[in-house]
Amino acid sequence: MTTYLLAGGGTAGHVNPLLALADGLREREPEARILVLGTREGLESRLVPARGYELLIVDKVPFPRRPDRAAVGFPARFRRAVAQVREHIRAHGVDVVVGFGGYAAAPAYVAARRAGIPVVVHEANAKPGLANVLGARRAAAVGVAFEGTPLRGGRFVGMPLRRELVDLDVESVRPRAAMDLGLDLDRPTLLVFGGSLGAQRLNEAFGEGHDAAWRDVLDAGWQLVHVTGERSELTDPGVRGYVVRRYIDRMDHAFAAADFVVSRSGAATVSEISALGLPAVYVPYAVGNGEQALNAASAVDAGAAVLVDDAGFDGDTVRRDIVPLLMDSPRRAAMADAAARVGTRHGTENLIAVVDEVLAARVTR
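Keep in mind it's a predicted model, so treat the numbers as computed, not measured.

Even after reading the chapter, I still don't get the nonpolar core, so can you show me in this structure?
Soluble globular proteins tend to bury their nonpolar side chains together. One finds L191, F193, V225, F255, V261, I273 and Y282 to be the most contacted residues of the largest nonpolar core, which totals 41 residues. Looking at this core, the element that brings in the most residues is helix α10 (residues 251–257), giving five residues. Leaving out residues up to four positions away in the same chain, Y282 has contacts with S263, R264, S265, V270, I273, S274, A296, A299, A305, V306, L307 and V308. With 32 residues, the next largest nonpolar core counts L56, A112, V121 and V142 among its residues.

In C-alpha coordinates:
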(Lines give C-alpha, C1' and ligand atoms only; values in the text may rest on other atoms or scores of the structure.)
Protein backbone atom coordinates (compact mmCIF):
# COMPACT_ATOMS: atom_id res chain seq x y z
CA MET A 1 0.00 0.00 0.00
CA THR A 2 1.38 3.39 -1.02
CA THR A 3 1.22 6.36 1.33
CA TYR A 4 1.05 9.73 -0.40
CA LEU A 5 1.60 13.05 1.35
CA LEU A 6 0.14 15.97 -0.62
CA ALA A 7 1.47 19.30 0.63
CA GLY A 8 0.06 22.73 -0.08
CA GLY A 9 -2.73 25.11 0.66
CA GLY A 10 -3.59 28.58 1.77
CA THR A 11 -5.60 29.50 -1.32
CA ALA A 12 -7.97 27.76 -3.71
CA GLY A 13 -5.22 27.87 -6.34
CA HIS A 14 -3.20 25.42 -4.26
CA VAL A 15 -6.00 23.43 -2.62
CA ASN A 16 -8.15 22.64 -5.66
CA PRO A 17 -5.48 20.90 -7.78
CA LEU A 18 -4.28 19.10 -4.64
CA LEU A 19 -7.79 17.75 -4.03
CA ALA A 20 -8.19 16.84 -7.70
CA LEU A 21 -5.03 14.74 -7.47
CA ALA A 22 -6.19 13.19 -4.20
CA ASP A 23 -9.51 12.21 -5.79
CA GLY A 24 -7.70 10.77 -8.81
CA LEU A 25 -5.39 8.69 -6.62
CA ARG A 26 -8.29 7.45 -4.49
CA GLU A 27 -10.26 6.46 -7.59
CA ARG A 28 -7.30 4.68 -9.13
CA GLU A 29 -5.97 3.10 -5.93
CA PRO A 30 -8.70 2.80 -3.26
CA GLU A 31 -6.40 1.01 -0.83
CA ALA A 32 -3.76 3.78 -0.88
CA ARG A 33 -3.35 6.08 2.08
CA ILE A 34 -3.68 9.72 1.04
CA LEU A 35 -2.64 12.35 3.58
CA VAL A 36 -2.68 16.12 3.16
CA LEU A 37 -0.26 18.50 4.84
CA GLY A 38 -1.55 22.00 5.51
CA THR A 39 -1.86 24.79 8.02
CA ARG A 40 -4.60 25.58 10.51
CA GLU A 41 -5.19 28.96 8.88
CA GLY A 42 -5.49 27.98 5.22
CA LEU A 43 -8.49 27.04 3.14
CA GLU A 44 -7.36 23.43 3.39
CA SER A 45 -8.32 23.30 7.06
CA ARG A 46 -11.96 23.31 5.95
CA LEU A 47 -11.93 21.76 2.48
CA VAL A 48 -9.66 18.78 3.08
CA PRO A 49 -11.60 17.14 5.96
CA ALA A 50 -14.87 17.92 4.16
CA ARG A 51 -13.58 15.87 1.20
CA GLY A 52 -12.78 12.93 3.47
CA TYR A 53 -8.99 13.20 3.70
CA GLU A 54 -6.83 13.30 6.81
CA LEU A 55 -5.20 16.69 7.34
CA LEU A 56 -1.80 16.81 9.04
CA ILE A 57 -0.87 20.18 10.48
CA VAL A 58 2.33 22.16 10.04
CA ASP A 59 3.01 25.64 11.39
CA LYS A 60 2.48 28.51 8.97
CA VAL A 61 5.90 30.12 8.47
CA PRO A 62 5.86 32.91 5.84
CA PHE A 63 9.13 33.69 4.08
CA PRO A 64 10.37 37.08 5.32
CA ARG A 65 10.06 39.89 2.80
CA ARG A 66 12.07 42.49 4.72
CA PRO A 67 14.79 42.55 7.42
CA ASP A 68 12.58 42.93 10.47
CA ARG A 69 11.91 41.05 13.72
CA ALA A 70 10.00 38.34 11.88
CA ALA A 71 13.02 37.73 9.66
CA VAL A 72 15.25 37.25 12.70
CA GLY A 73 12.99 34.54 14.06
CA PHE A 74 12.34 32.86 10.71
CA PRO A 75 15.16 30.25 10.79
CA ALA A 76 14.07 28.81 14.12
CA ARG A 77 10.40 28.72 13.13
CA PHE A 78 11.19 27.11 9.80
CA ARG A 79 13.38 24.44 11.44
CA ARG A 80 10.49 23.65 13.78
CA ALA A 81 8.11 23.32 10.81
CA VAL A 82 10.54 20.98 9.03
CA ALA A 83 10.79 18.87 12.18
CA GLN A 84 6.99 18.66 12.34
CA VAL A 85 6.85 17.34 8.77
CA ARG A 86 9.66 14.86 9.36
CA GLU A 87 7.71 13.45 12.28
CA HIS A 88 4.61 13.12 10.08
CA ILE A 89 6.67 11.33 7.42
CA ARG A 90 8.16 8.94 9.99
CA ALA A 91 4.91 8.27 11.81
CA HIS A 92 2.89 7.52 8.67
CA GLY A 93 5.53 5.79 6.53
CA VAL A 94 5.20 8.25 3.66
CA ASP A 95 6.46 6.99 0.29
CA VAL A 96 6.31 10.20 -1.76
CA VAL A 97 5.59 13.89 -1.22
CA VAL A 98 3.68 15.84 -3.87
CA GLY A 99 3.82 19.59 -3.29
CA PHE A 100 1.62 22.29 -4.76
CA GLY A 101 3.22 25.38 -3.24
CA GLY A 102 2.09 27.53 -0.37
CA TYR A 103 3.14 27.63 3.26
CA ALA A 104 2.96 23.88 3.82
CA ALA A 105 5.03 22.95 0.78
CA ALA A 106 8.40 24.53 1.62
CA PRO A 107 9.02 22.64 4.90
CA ALA A 108 7.65 19.49 3.27
CA TYR A 109 10.26 19.67 0.52
CA VAL A 110 13.10 20.07 3.01
CA ALA A 111 11.79 17.36 5.35
CA ALA A 112 11.31 14.87 2.52
CA ARG A 113 14.82 15.41 1.23
CA ARG A 114 16.29 14.85 4.69
CA ALA A 115 14.19 11.72 5.13
CA GLY A 116 15.23 10.35 1.73
CA ILE A 117 11.68 10.57 0.37
CA PRO A 118 11.19 11.61 -3.30
CA VAL A 119 9.41 14.88 -4.06
CA VAL A 120 7.18 15.77 -7.00
CA VAL A 121 6.38 19.46 -7.47
CA HIS A 122 3.33 20.79 -9.29
CA GLU A 123 3.21 24.48 -10.22
CA ALA A 124 -0.20 25.87 -11.17
CA ASN A 125 0.87 29.36 -12.22
CA ALA A 126 2.92 30.46 -15.21
CA LYS A 127 5.06 32.44 -12.75
CA PRO A 128 6.24 30.01 -10.06
CA GLY A 129 5.92 30.72 -6.37
CA LEU A 130 9.00 30.86 -4.15
CA ALA A 131 8.32 27.55 -2.38
CA ASN A 132 8.15 25.68 -5.68
CA VAL A 133 11.20 27.45 -7.11
CA LEU A 134 13.19 26.18 -4.14
CA GLY A 135 11.55 22.74 -4.13
CA ALA A 136 12.14 22.15 -7.83
CA ARG A 137 15.91 22.39 -7.40
CA ARG A 138 16.10 18.92 -5.84
CA ALA A 139 12.76 17.41 -6.78
CA ALA A 140 12.58 14.03 -8.46
CA ALA A 141 10.12 15.49 -10.98
CA VAL A 142 8.35 18.77 -11.69
CA GLY A 143 5.02 19.21 -13.46
CA VAL A 144 3.67 22.55 -14.69
CA ALA A 145 0.19 23.65 -15.72
CA PHE A 146 1.39 26.00 -18.49
CA GLU A 147 3.95 25.50 -21.24
CA GLY A 148 7.05 27.63 -20.76
CA THR A 149 6.80 27.96 -16.97
CA PRO A 150 10.35 28.86 -15.85
CA LEU A 151 10.87 26.08 -13.33
CA ARG A 152 13.87 23.76 -13.27
CA GLY A 153 13.00 20.38 -14.77
CA GLY A 154 9.42 21.42 -15.42
CA ARG A 155 7.37 19.44 -17.92
CA PHE A 156 3.86 20.20 -19.05
CA VAL A 157 1.20 18.06 -17.38
CA GLY A 158 -1.67 20.55 -17.25
CA MET A 159 -3.87 21.38 -14.30
CA PRO A 160 -5.56 18.70 -12.20
CA LEU A 161 -9.23 19.66 -12.56
CA ARG A 162 -12.44 18.98 -10.70
CA ARG A 163 -14.06 15.75 -11.80
CA GLU A 164 -17.31 17.46 -12.82
CA LEU A 165 -15.35 19.48 -15.39
CA VAL A 166 -13.24 16.58 -16.59
CA ASP A 167 -16.35 14.51 -17.25
CA LEU A 168 -18.52 17.37 -18.53
CA ASP A 169 -20.53 16.41 -21.63
CA VAL A 170 -21.52 19.87 -22.83
CA GLU A 171 -24.11 18.76 -25.36
CA SER A 172 -26.06 16.63 -22.91
CA VAL A 173 -25.81 19.07 -19.99
CA ARG A 174 -26.52 22.27 -21.93
CA PRO A 175 -30.35 21.95 -22.07
CA ARG A 176 -30.57 21.43 -18.29
CA ALA A 177 -28.06 24.25 -17.69
CA ALA A 178 -30.06 26.63 -19.86
CA MET A 179 -33.26 25.76 -18.03
CA ASP A 180 -31.67 26.21 -14.59
CA LEU A 181 -30.29 29.62 -15.56
CA GLY A 182 -33.43 30.80 -17.34
CA LEU A 183 -31.75 30.99 -20.73
CA ASP A 184 -33.05 30.51 -24.26
CA LEU A 185 -31.41 27.37 -25.60
CA ASP A 186 -31.43 28.77 -29.15
CA ARG A 187 -29.46 31.95 -28.39
CA PRO A 188 -25.69 32.13 -27.79
CA THR A 189 -24.54 32.94 -24.26
CA LEU A 190 -21.74 35.10 -22.91
CA LEU A 191 -20.47 34.16 -19.45
CA VAL A 192 -18.80 36.90 -17.38
CA PHE A 193 -17.21 36.21 -14.01
CA GLY A 194 -14.30 37.30 -11.88
CA GLY A 195 -13.76 34.46 -9.43
CA SER A 196 -15.45 33.71 -6.11
CA LEU A 197 -15.20 37.33 -4.95
CA GLY A 198 -16.12 38.78 -8.31
CA ALA A 199 -14.30 41.56 -10.15
CA GLN A 200 -15.43 45.12 -9.63
CA ARG A 201 -13.98 46.24 -12.96
CA LEU A 202 -15.99 43.63 -14.87
CA ASN A 203 -19.12 44.33 -12.84
CA GLU A 204 -18.94 48.04 -13.60
CA ALA A 205 -18.27 47.52 -17.30
CA PHE A 206 -21.11 45.10 -17.89
CA GLY A 207 -23.69 45.89 -15.26
CA GLU A 208 -23.45 49.31 -13.62
CA GLY A 209 -23.90 52.92 -14.66
CA HIS A 210 -25.40 54.59 -17.68
CA ASP A 211 -22.80 53.10 -20.05
CA ALA A 212 -23.13 49.48 -18.78
CA ALA A 213 -22.66 47.13 -21.71
CA TRP A 214 -25.19 44.40 -20.92
CA ARG A 215 -27.67 46.14 -23.25
CA ASP A 216 -25.15 46.01 -26.10
CA VAL A 217 -24.61 42.29 -25.56
CA LEU A 218 -28.35 41.66 -25.73
CA ASP A 219 -28.70 43.94 -28.78
CA ALA A 220 -26.08 41.78 -30.51
CA GLY A 221 -28.44 38.81 -30.18
CA TRP A 222 -26.64 37.25 -27.23
CA GLN A 223 -27.62 36.37 -23.68
CA LEU A 224 -25.44 37.27 -20.70
CA VAL A 225 -24.81 35.28 -17.53
CA HIS A 226 -23.05 37.66 -15.14
CA VAL A 227 -21.59 36.14 -11.96
CA THR A 228 -20.85 39.20 -9.83
CA GLY A 229 -19.28 37.66 -6.71
CA GLU A 230 -20.81 37.19 -3.28
CA ARG A 231 -19.81 40.63 -2.00
CA SER A 232 -21.22 42.53 -4.96
CA GLU A 233 -24.13 44.91 -4.53
CA LEU A 234 -24.84 45.07 -8.27
CA THR A 235 -28.54 45.53 -8.93
CA ASP A 236 -30.29 42.99 -11.13
CA PRO A 237 -32.40 44.94 -13.66
CA GLY A 238 -34.66 41.91 -14.13
CA VAL A 239 -34.34 41.91 -17.91
CA ARG A 240 -34.88 38.66 -19.80
CA GLY A 241 -31.63 37.46 -21.29
CA TYR A 242 -29.46 39.17 -18.65
CA VAL A 243 -28.97 36.70 -15.79
CA VAL A 244 -27.30 38.14 -12.69
CA ARG A 245 -26.03 35.76 -9.99
CA ARG A 246 -23.89 36.51 -6.95
CA TYR A 247 -22.57 32.96 -7.02
CA ILE A 248 -23.14 29.81 -9.06
CA ASP A 249 -22.62 26.58 -7.21
CA ARG A 250 -22.46 24.50 -10.41
CA MET A 251 -19.93 26.30 -12.57
CA ASP A 252 -19.86 23.23 -14.81
CA HIS A 253 -23.44 24.12 -15.78
CA ALA A 254 -22.46 27.74 -16.41
CA PHE A 255 -19.63 26.57 -18.67
CA ALA A 256 -21.95 24.15 -20.47
CA ALA A 257 -24.34 27.02 -21.23
CA ALA A 258 -21.57 29.36 -22.42
CA ASP A 259 -20.38 30.04 -25.96
CA PHE A 260 -17.86 32.73 -24.99
CA VAL A 261 -16.27 33.84 -21.71
CA VAL A 262 -14.97 37.11 -20.27
CA SER A 263 -13.10 36.63 -17.00
CA ARG A 264 -10.04 37.20 -14.89
CA SER A 265 -7.13 34.87 -15.68
CA GLY A 266 -6.30 32.95 -12.55
CA ALA A 267 -4.46 29.71 -13.26
CA ALA A 268 -7.44 27.45 -12.58
CA THR A 269 -9.81 29.67 -14.56
CA VAL A 270 -7.61 29.66 -17.67
CA SER A 271 -7.01 25.92 -17.38
CA GLU A 272 -10.72 25.14 -17.05
CA ILE A 273 -11.81 27.41 -19.90
CA SER A 274 -9.14 26.04 -22.23
CA ALA A 275 -9.86 22.43 -21.25
CA LEU A 276 -13.49 22.94 -22.26
CA GLY A 277 -12.55 24.52 -25.58
CA LEU A 278 -14.20 27.87 -24.87
CA PRO A 279 -12.98 31.08 -26.57
CA ALA A 280 -12.30 33.85 -24.09
CA VAL A 281 -11.33 37.42 -23.37
CA TYR A 282 -9.12 37.63 -20.28
CA VAL A 283 -8.84 40.76 -18.16
CA PRO A 284 -5.92 40.02 -15.80
CA TYR A 285 -6.18 41.28 -12.25
CA ALA A 286 -3.67 44.12 -12.06
CA VAL A 287 -2.01 43.25 -8.75
CA GLY A 288 0.86 41.07 -7.67
CA ASN A 289 3.68 40.29 -10.08
CA GLY A 290 1.68 40.08 -13.27
CA GLU A 291 1.07 36.35 -12.93
CA GLN A 292 -2.48 36.51 -14.29
CA ALA A 293 -1.31 37.95 -17.59
CA LEU A 294 1.32 35.22 -17.79
CA ASN A 295 -1.28 32.54 -17.07
CA ALA A 296 -3.24 33.67 -20.12
CA ALA A 297 -0.19 33.95 -22.39
CA SER A 298 -0.22 30.42 -23.80
CA ALA A 299 -3.93 30.64 -24.69
CA VAL A 300 -3.42 34.07 -26.26
CA ASP A 301 -0.37 32.89 -28.22
CA ALA A 302 -2.34 29.91 -29.51
CA GLY A 303 -5.15 32.17 -30.73
CA ALA A 304 -7.64 30.81 -28.17
CA ALA A 305 -8.07 34.04 -26.24
CA VAL A 306 -7.64 37.81 -26.31
CA LEU A 307 -5.99 39.77 -23.51
CA VAL A 308 -7.50 43.13 -22.51
CA ASP A 309 -5.77 45.39 -20.01
CA ASP A 310 -7.59 46.00 -16.74
CA ALA A 311 -6.75 49.70 -16.70
CA GLY A 312 -9.60 51.58 -18.30
CA PHE A 313 -11.72 48.50 -18.91
CA ASP A 314 -15.28 49.81 -19.12
CA GLY A 315 -18.48 49.64 -21.13
CA ASP A 316 -16.83 51.29 -24.12
CA THR A 317 -14.14 48.58 -24.08
CA VAL A 318 -16.84 45.93 -24.24
CA ARG A 319 -18.56 47.66 -27.15
CA ARG A 320 -15.31 48.25 -29.02
CA ASP A 321 -13.38 45.01 -28.38
CA ILE A 322 -15.79 42.30 -27.23
CA VAL A 323 -19.13 42.80 -28.98
CA PRO A 324 -17.44 42.62 -32.44
CA LEU A 325 -15.96 39.25 -31.41
CA LEU A 326 -19.41 38.01 -30.47
CA MET A 327 -20.60 38.95 -33.96
CA ASP A 328 -17.69 37.21 -35.73
CA SER A 329 -18.67 33.53 -35.89
CA PRO A 330 -15.66 32.33 -37.94
CA ARG A 331 -13.18 33.92 -35.55
CA ARG A 332 -14.97 32.52 -32.51
CA ALA A 333 -14.92 29.04 -34.06
CA ALA A 334 -11.18 29.35 -34.71
CA MET A 335 -10.60 30.47 -31.12
CA ALA A 336 -12.59 27.51 -29.79
CA ASP A 337 -10.50 25.10 -31.88
CA ALA A 338 -7.32 26.69 -30.58
CA ALA A 339 -8.55 26.47 -26.98
CA ALA A 340 -9.20 22.75 -27.37
CA ARG A 341 -5.62 22.29 -28.62
CA VAL A 342 -3.93 24.30 -25.88
CA GLY A 343 -6.03 22.96 -23.01
CA THR A 344 -6.25 19.49 -21.50
CA ARG A 345 -8.70 17.63 -19.30
CA HIS A 346 -6.02 15.09 -18.38
CA GLY A 347 -3.97 17.07 -15.87
CA THR A 348 -4.80 14.70 -13.02
CA GLU A 349 -3.89 11.57 -14.97
CA ASN A 350 -0.72 13.22 -16.29
CA LEU A 351 0.43 14.17 -12.80
CA ILE A 352 -0.37 10.71 -11.44
CA ALA A 353 1.78 9.25 -14.23
CA VAL A 354 4.68 11.45 -13.12
CA VAL A 355 4.26 10.33 -9.50
CA ASP A 356 4.17 6.70 -10.64
CA GLU A 357 7.43 7.17 -12.56
CA VAL A 358 9.11 8.58 -9.46
CA LEU A 359 7.88 5.72 -7.27
CA ALA A 360 8.96 3.12 -9.84
CA ALA A 361 12.43 4.67 -10.06
CA ARG A 362 12.73 4.53 -6.27
CA VAL A 363 11.87 0.82 -6.23
CA THR A 364 14.48 -0.06 -8.86
CA ARG A 365 17.32 1.69 -7.06
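So that's the structure; there's more coming.
How should helix α3 (residues 69–92) be read in this particular structure?
Residues three or four positions apart in an α-helix share a direction because the helix packs 3.6 residues into each turn. For α3, with 24 residues, the first-to-last C-alpha span of 35 Å sits near the 34 Å given by 1.5 Å per residue. Its axis deflected by about 40° at P75, α3 carries its strongest bend there. Three or more residues of α3 are buried, namely F74, F78, A81, V82, V85, H88, I89 and H92. Residues of α3 that are buried in the fold lie against β1 (3–7), β2 (33–38), β3 (54–57), β4 (96–99) and α4 (105–115). One or two steps after α3, the chain reaches G93, where phi turns positive at roughly 60°.

Please clarify how the sheet that holds strand β5 (residues 119–123) should be interpreted in this entry.
Strands belonging to one sheet form pairs held by backbone hydrogen bonds; the direction of such a pair is parallel or antiparallel. Read across the sheet, seven strands follow the order β3-β2-β1-β4-β5-β6-β7 without closing on themselves; strand pairing throughout is parallel. Since the sheet does not close on itself, it has two edges, and those belong to β3 and β7 (154–156), each with one partner. Recorded for the sheet is a direction-independent mean angle of 25° between the axes of neighbouring strands. Across four bridges, the pairing between β1 and β4 is parallel. Residue pairing in the sheet places A7 in a bridge with G99 of β4. Across the sheet, helix α1 (residues 12–28) lies against β1, β2 and β4, angled at about 165° from β1, the strand it touches most.

Where do I start with the UniProt feature "binding site: UDP-N-acetyl-alpha-D-glucosamine" (unreviewed entry) in the protein in this structure?
Mapped onto this numbering, the UniProt entry annotates "binding site: UDP-N-acetyl-alpha-D-glucosamine" (unreviewed entry) at T11, A12, G13, N125, R162, S196, I248 and Q292. Structurally, the position occupied by N125 is in the loop between β5 and α5 (130–136). Examined against the element boundaries, R162 turns out to sit in the loop between β7 and α6 (163–166). Given a relative accessible area of 26%, R162 falls into the partly exposed group. Apart from the residues lying within four places of it in its own chain, the contact partners of R162 are A20, M251 and E272.

Whenever I open this one, the pattern of salt bridges confuses me. Can you help?
Between side chains of opposite charge, a pair can form as their charged atoms come close. Applying the stated rule across the entire model yields 21 salt bridges. Among the salt bridges present, the one from D252 reaches R250, with a minimum N-O distance of 2.6 Å. R250 gets classed as partly exposed once you look at its relative accessible area, which sits at 41%. Through salt bridges with shared partners, a single ionic network connects D23, R26 and R51.

Reading the values: the criteria
Residues numbered from 1 in each chain as written. Predicted model: local features only at pLDDT ≥ 70, side-chain atom pairs only at ≥ 80, totals over all residues. Heavy atoms only, no water. Core = buried A, V, L, I, M, F, W, Y, C linked by side-chain atoms within 4.5 Å. Buried < 20%, exposed > 50% of the residue type's maximum accessible area, 1.4 Å probe, protein only. Helix = DSSP H or I, 4+ residues; strand = E, 2+ residues; numbered from the N terminus. Contact = heavy atoms within 4.5 Å. Expected span 1.5 Å × (residues − 1). Bend = angle between axes of the 7 residues up to and from the residue. Pairing = 2+ DSSP bridges. Axes fitted to C-alpha atoms, helices over the stretch in contact; angles between N-to-C directions. UniProt positions renumbered as here; feature names shortened; annotations may be inferred. Salt bridge = Lys/Arg side-chain N within 4 Å of Asp/Glu carboxyl O.

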